[in-house]
Amino acid sequence: MMSSAGIVKRSAPVLACIGLLAVWQVASLALKNDSFPTAIEAIRAIPDILGDKEALVNILASLRRMAIGFGVAVLVSIPLGLLMGRSAAVAAFFNPLLMVIYPVPKAALMPIIMLWLGVGDITKSLVIFLGVSLPVIYHSFEGAKAVEEKMLWSGAAMGLSPAQRLVRIVLPAALPEILTGCRTGLVLALITMITSEMIARQSGAGNILFNALDMGQYDTVFAMIIIVGAMGIGLDAIFERVRARLVRWSEPQFDLPLSFS
Amino acid sequence: MKVVPSRSSEWVKPVTRQEPAPAIIEIDHVSQVFQTSARRAHVALSDISLTIEERAFVSILGPSGCGKSTLLYIVGGFVSPTSGAAKMKGNAITGPGPDRGPVFQEFALFPWKTVLGNVMYGPRQQGVRATDAEAQSRTLIEMVGLKGYENFYPKELSGGMKQRVALARTLAYHPEVLLMDEPFGALDAYTRTRLQNDLLNIWERDRKTVLFVTHSVDEAVFLSDKVVMMSKSPGRIRQVIDIDLPRPRRRSELLLDPRYQKYVVDIERMFDESDEAGSLA
Ligand SMILES: Nc1ncnc2c1ncn2[C@@H]1O[C@H](COP(=O)(O)OP(=O)(O)OP(=O)(O)O)[C@@H](O)[C@H]1O
Ligand SMILES: [Mg+2]
């Protein structure tokens, strides 16, 4: 059973998408510009792209690089951020380094990395890794720093060693914050993925998009924008579901299920 | 009223004296200085010596900021004193351990664990089998009056319920000494009274050593065998008072007992005599 408020909440994103497409359609018809196809034209081009084997392989290759870059970044950044949050020495060591890397657009490092590592998967995954790492490190750091000291003391009194406390108290306690960082990181992974493929055109979703642009196939360009956008929305939605499940214990409750007797 | 110095002379009248319980915790000339800035140092505790006997219920009573929590943290091994030493059963305390179980005023429950998960945490850590740990924990949860709440998360509990979980979580790993820091300080009068009664029942059942920090004179007298009165700036022990009231104690009887009333009035008067009047809740 879904309440009427629930139905409104569920359908809101769909309505927003339809509204956006409608505005697009009207604007495109009004402007009558070759480089601005209508929403319907763009949507019509989507099956052509997804039906094309080569395009599909390209998109999957993009996703694979993104998964590798994101996955490795998360695996490295969470422990590093947690350690920095709990140890002043570790924080003092890595802080200057991160402060230097932080404001640099990661894609701007691509030419150098390409020079060293070529234009292949490693380079692109590495750029994605760099893009994802910082927000995840930052949020893990903040999360670890905020862990209540008495909680760690309680653990110590139960006999947990410092390493056990990091894994079994700091990590779960900081998890909501860590996952907030990962969510930002996921979107950044997508952005860096496309950017890296724009710089090192060879394969991938970004490659299809920019090649189409060069060739003036504007409906393909806009179709790719829709596809990439949908990928972002889809990944974020999946991640959000996982996140909500993992940190149910920390979310404020809207409808208290306190109906016990 | 017997007013004894912190170190009573052991040699007087050994014939009529009851065999004194062995000391479990010895605090020996402990001082704690906090360096608040480059130039300023704050003496939180000054030359504290105190012996706590096995299975005694000892309250530490004093105005805010006199170093009660700091003293408790030192016994817990969470903080090491600037000078002096604390000992547990003759061994120097160098860190926390499961023989001393803290119950913090802030509860410090693990929010990602349910009530049952919190209470089971200690026994599991000690290597108790999951099924045994769960059975013991369920019994404890029932004992602190939270049956039916086993699968609730801390955020779904009231302050008083959290306090009960915190107590059960610490009792679950059977520490020899309970270190309780104003555990009932943040509760309303009604819940406070109920938890005092519960704690007393639990304690009278399996007499652990308890070191109990409080602001409340009534609470200290009601619960304790011994009340340690502290004064502020720097934190010192003013006096240690034995509370000679029969056990088991019943609140309804005790409140009418002139001996209880005299203890309360006398202790309040002693605090009033100093400039610390009013700073005690
Ligand atoms: N980590 C610290 N750094 C600096 N000063 C501290 C620190 N911890 C405690 N103090 C100081 O030591 C004194 C004693 O603190 P403590 O928390 O032990 O007092 P308390 O008796 O428990 O007070 P309350 O009843 O309000 O809890 C206070 O003046 C406090 O400001
Ligand atoms: Mg305190």
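Computed from a predicted structure; not experimentally measured. Note that residues are indexed from 1 along each chain, following the sequence as it is written. Naming scheme: in the order in which they are written, chains are lettered from A and ligands are numbered from 1. Note on the predicted model: pLDDT of at least 70 is required for a residue's local features to be given, and 80 or more for side-chain atom pairs to be given and counted; whole-chain, interface and lining totals, by contrast, use all residues. Working from all heavy atoms in the structure, the side-chain values ignore hydrogens and water.

Chemist: Please clarify how the overall build of chain B should be interpreted in this entry.
Modeler: Helix and strand counts for chain B stand at eight helices and 11 strands. Computation of the radius of gyration draws on C-alpha atoms, with the globule rule given as 2.2 Å multiplied by the number of residues to the power 0.38. Against the globule reference of 19 Å for 281 residues, chain B gives a C-alpha radius of gyration of 19 Å, in line with a compact fold. For chain B, the C-alpha atoms occupy an extent of roughly 55 × 50 × 40 Å along the three principal directions. With a 1.4 Å probe rolled over the protein chains alone, any residue whose accessible area is under 20% of its type maximum counts as buried; one over 50% counts as exposed, and the rest are partly exposed. Going through the 281 residues of chain B one by one, you find that 52% of them count as buried. For chain B, the proportion of contacts with a sequence separation of at least 24, taken over those separated by at least 6, is 69%. Accessible surface is estimated by sampling points in the Shrake-Rupley manner with a 1.4 Å probe; for residues, cover comes only from the protein chains shown. As presented, chain B carries roughly 12,900 Å² of accessible surface, and 50% of it is formed by carbon and sulfur atoms. Here a strand is any run of E in DSSP of at least two residues, a helix any run of H or I of at least four, and the numbering for each starts at the N terminus. Contact definition: two residues touch when any of their heavy atoms are within 4.5 Å.

Chemist: I keep staring at the sheet that holds strand E2 (residues 23-35) of chain B and nothing clicks. Help me out?
Modeler: Strand pairing in a sheet takes place through backbone hydrogen bonds and is either antiparallel or parallel in direction. Taken in spatial order, the four strands make up an open sheet running E3-E2-E5-E6 (chain B), and their pairing is antiparallel. Sheet topology places strand E3 (41-53) and strand E6 (91-92) of chain B at the edges, where each strand pairs with a single neighbour. Pairing between two strands is assigned when DSSP locates at least 2 bridges connecting them.

Chemist: Would you mind showing me how to read the interface of chain A and chain B here?
Modeler: Counting from both sides, the interface comprises 23 residues of chain A and, opposite them, 26 residues of chain B. When two components associate, each loses some accessible surface as probed by a 1.4 Å sphere; the sum of these losses over both components is called the buried area. Here chain A packs against chain B, burying approximately 2,200 Å² in sum over the two surfaces, 65% of which is carbon and sulfur. The three residues of chain A that bury the most area against chain B are Trp 153, Met 158 and Trp 249 of chain A, which together make up 34% of that side's buried surface. For the salt bridge of Glu 106 of chain B with Lys 150 of chain A, the shortest nitrogen-to-oxygen distance reads 2.9 Å. Here a polar contact is recorded for every N or O atom pair within 3.5 Å, except that within protein the pair must consist of a potential hydrogen donor and a potential acceptor, and residues adjacent in sequence are included only if both atoms are side-chain atoms. Our count for the chain A to chain B interface comes out at eight residue pairs in polar contact (both at pLDDT 80 or more). Looking at the side of chain A that touches chain B, the elements that each hand over two or more residues are helix H7 (149-157) and helix H8 (162-199) of chain A. For the side of chain A that touches chain B, the element with the highest residue contribution is H7 of chain A, accounting for seven residues. What counts as a salt bridge is simple: a side-chain nitrogen of Lys or Arg found within 4 Å of a carboxyl oxygen of Asp or Glu.

Chemist: Just checking my understanding: could you explain the pattern of salt bridges for this structure?
Modeler: As a working rule, side chains carrying opposite charge can pair if their charged atoms are close by. Scanning the entire structure with this criterion turns up 18 salt bridges over all chains. Of the charged contacts, one joins Glu 197 of chain A and Arg 65 of chain A as a salt bridge, the two residues approaching to 2.7 Å between their closest N and O atoms. Of this pair, Glu 197 of chain A sits in helix H8 while Arg 65 of chain A sits in helix H3 (residues 53-86), placing them 132 residues apart in sequence. Residues Arg 192 of chain B and Glu 219 of chain B are paired through a salt bridge, measuring 3.4 Å at the closest nitrogen-oxygen approach. Of this pair, Arg 192 of chain B sits in helix H5 (residues 189-206) while Glu 219 of chain B sits in helix H6 (residues 217-223), and the two are 27 residues apart along the sequence. Grouping residues by exposure puts Arg 192 of chain B and Glu 219 of chain B together as buried. One salt-bridge network, held together by shared partners, links Arg 64, Arg 65, Asp 121 and Glu 197 of chain A.

Chemist: What's the story with a negative patch on the surface in this structure? I'm lost.
Modeler: Residues and elements named next belong to chain A. Every patch collects residues that have over 30% relative accessible area and no salt bridge, joining them within 9 Å if they carry like charges and within 5 Å if they are nonpolar side chains (Val, Leu, Ile, Met, Phe, Trp, Tyr). All tallies of charge rest on Lys and Arg as positive and Asp and Glu as negative; His and the ends of each chain are not included. Where a charge lies is defined by one atom per residue type, namely NZ (Lys), CZ (Arg), CG (Asp) and CD (Glu). A surface patch of like charges, here negative, comprises Glu 41, Asp 48, Asp 52, Glu 54 and Asp 219. For Asp 219, the position within the fold is in helix H10 (residues 218-246). By relative accessible area, Asp 219 is classed as partly exposed at 32%.

Chemist: How should I be thinking about the packing of aromatic side chains in this particular structure?
Modeler: Each aromatic ring pair is specified by the distance between its two centres and by the angle formed by the two planes. All names here are of chain A. Between rings of Phe, Tyr and Trp, where Trp is taken as its six-membered ring, a pair exists when centres lie within 6.5 Å; planes separated by under 30 degrees are stacked, by over 60 edge-to-face, and by other angles tilted. Under the definition given, this model contains 15 aromatic pairs over all chains. For the pair Phe 36 and Phe 222, a centre-to-centre distance of 5.8 Å together with 40 degrees between the ring planes defines the contact as tilted. Of this pair, Phe 36 sits in the loop between helix H1 (4-31) and helix H2 (39-51) while Phe 222 sits in helix H10, and the two are 186 residues apart along the sequence. Classification of Phe 222 by relative accessible area gives buried; the value is 19%.

Chemist: How should I be thinking about the site of ligand 1 in this particular structure?
Modeler: Residue and element names in this part refer to chain B. To be near a molecule or strand, a residue needs just one of its heavy atoms within 4 Å of it. Lining the immediate environment of ligand 1, one finds Phe 34, His 42, Ala 44, Ser 64, Gly 65, Cys 66, Gly 67, Lys 68, Ser 69, Thr 70, Glu 182 and His 215. Gly 65 places a polar main-chain atom, nitrogen or oxygen, 2.8 Å from an oxygen atom of ligand 1. The side chain of His 215 places a nitrogen or oxygen atom 3.0 Å from an oxygen atom of ligand 1. Expressed as a share of its isolated accessible area of 640 Å², the protein-covered part of ligand 1 is 62%. Those elements giving two or more residues to the shell around ligand 1 turn out to be E3 and helix H1 (68-76). Among the elements that take part in the shell around ligand 1, H1 stands out by supplying three residues, more than any other. Ten residue types, Ala, Val, Leu, Ile, Met, Phe, Trp, Tyr, Cys and Pro, are classed as nonpolar, four, Asp, Glu, Lys and Arg, as charged, and the remainder, Gly among them, as polar. Of the residues in the shell around ligand 1, the class split is three nonpolar, seven polar and two charged.

Chemist: In this structure, what is going on with the nonpolar core? I would like to understand it.
Modeler: Across soluble globular proteins, nonpolar side chains have a tendency to be buried as a group. Nonpolar cores are built from buried Ala, Val, Leu, Ile, Met, Phe, Trp, Tyr and Cys residues. Side-chain atoms within 4.5 Å join them into one set. In this structure, Ile 59, Ile 169, Cys 182, Met 193 and Met 224 of chain A are the most contacted members of the largest nonpolar core, which totals 66 residues. Among the secondary structure elements, those contributing two or more residues to this core are H2, H3, helix H5 (110-117), helix H6 (121-145), H7, H8, helix H9 (205-214) and H10 of chain A. The element contributing the most residues to this core is H8 of chain A, with 12 residues. Among residues more than four places away in sequence, those in contact with Cys 182 of chain A are Phe 70, Val 74, Ile 78, Val 136 and Phe 239 of chain A. Grouped together as the second largest cluster of nonpolar side chains are 52 residues, Val 103, Leu 146, Met 161 and Ile 267 of chain B included.

Chemist: Can you walk me through the packing of H2 of chain A against H10 of chain A in this structure?
Modeler: Angle between the axes and distance between the axes are the two parameters that describe a pair of packed helices. All names here are of chain A. Think of each axis as a best-fit line through the C-alpha atoms, taken over the contacting stretch in the case of a helix, with angles from 0 to 180 degrees between the N-to-C directions. One can describe the packing of H2 onto H10 by two numbers: an axis separation of 8 Å at closest approach and a directional angle of 80 degrees. In terms of orientation, H2 and H10 fall into the roughly perpendicular class. In contact with Glu 41, Ala 42, Ile 43, Ala 45, Ile 46, Ile 49 and Leu 50 of H2, H10 contributes Asp 219, Thr 220, Phe 222, Ala 223, Met 224, Ile 226 and Ile 227. When its residues are assigned to classes, the contact of H2 with H10 shows 11 nonpolar, one polar and two charged. The scheme is simple: roughly parallel for angles under 35 degrees, roughly antiparallel for over 145, roughly perpendicular for 65 to 115, oblique for anything else.

Chemist: Just to check I follow, could you spell out unusual backbone geometry for this structure?
Modeler: All names here are of chain B. Cis peptide bonds are those with omega within 30 degrees of zero, and the linkage from Arg 247 to Pro 248 qualifies with -5 degrees. Summarising the element assignment, Pro 248 is placed in the loop between strand E11 (236-242) and helix H7 (251-254). Non-glycine residue Arg 55 carries a positive phi angle of around 65 degrees. If you trace the backbone, Arg 55 turns up in the loop between E3 and strand E4 (57-61).

Chemist: Which parts of the structure should I look at to understand the confidence of the model for chain B?
Modeler: Low pLDDT marks regions whose predicted coordinates should not be analysed in detail. Residues and elements named next belong to chain B. Confidence of the predictor at the level of single residues is captured by pLDDT, which takes values from 0 to 100. Residues with a pLDDT of 70 or more make up 90% of chain B, whose mean pLDDT is 88. Note that pLDDT drops below 50 for residues 1-16; the model gives that stretch 19 contacts with residues more than four away or on any other chain. As a predicted assembly, this complex carries a pTM of 0.86 together with an ipTM value of 0.87.

Chemist: I would appreciate a short explanation of the environment of Val 26 of chain A in the present structure.
Modeler: Residue and element names in this part refer to chain A. Among the secondary structure elements, Val 26 is positioned in helix H1. Overall, Val 26 belongs to the exposed group, its relative accessible area being 57%. Sequence separation of Val 26 and Phe 36 is 10 residues, and the distance between their C-alpha atoms is 11 Å.

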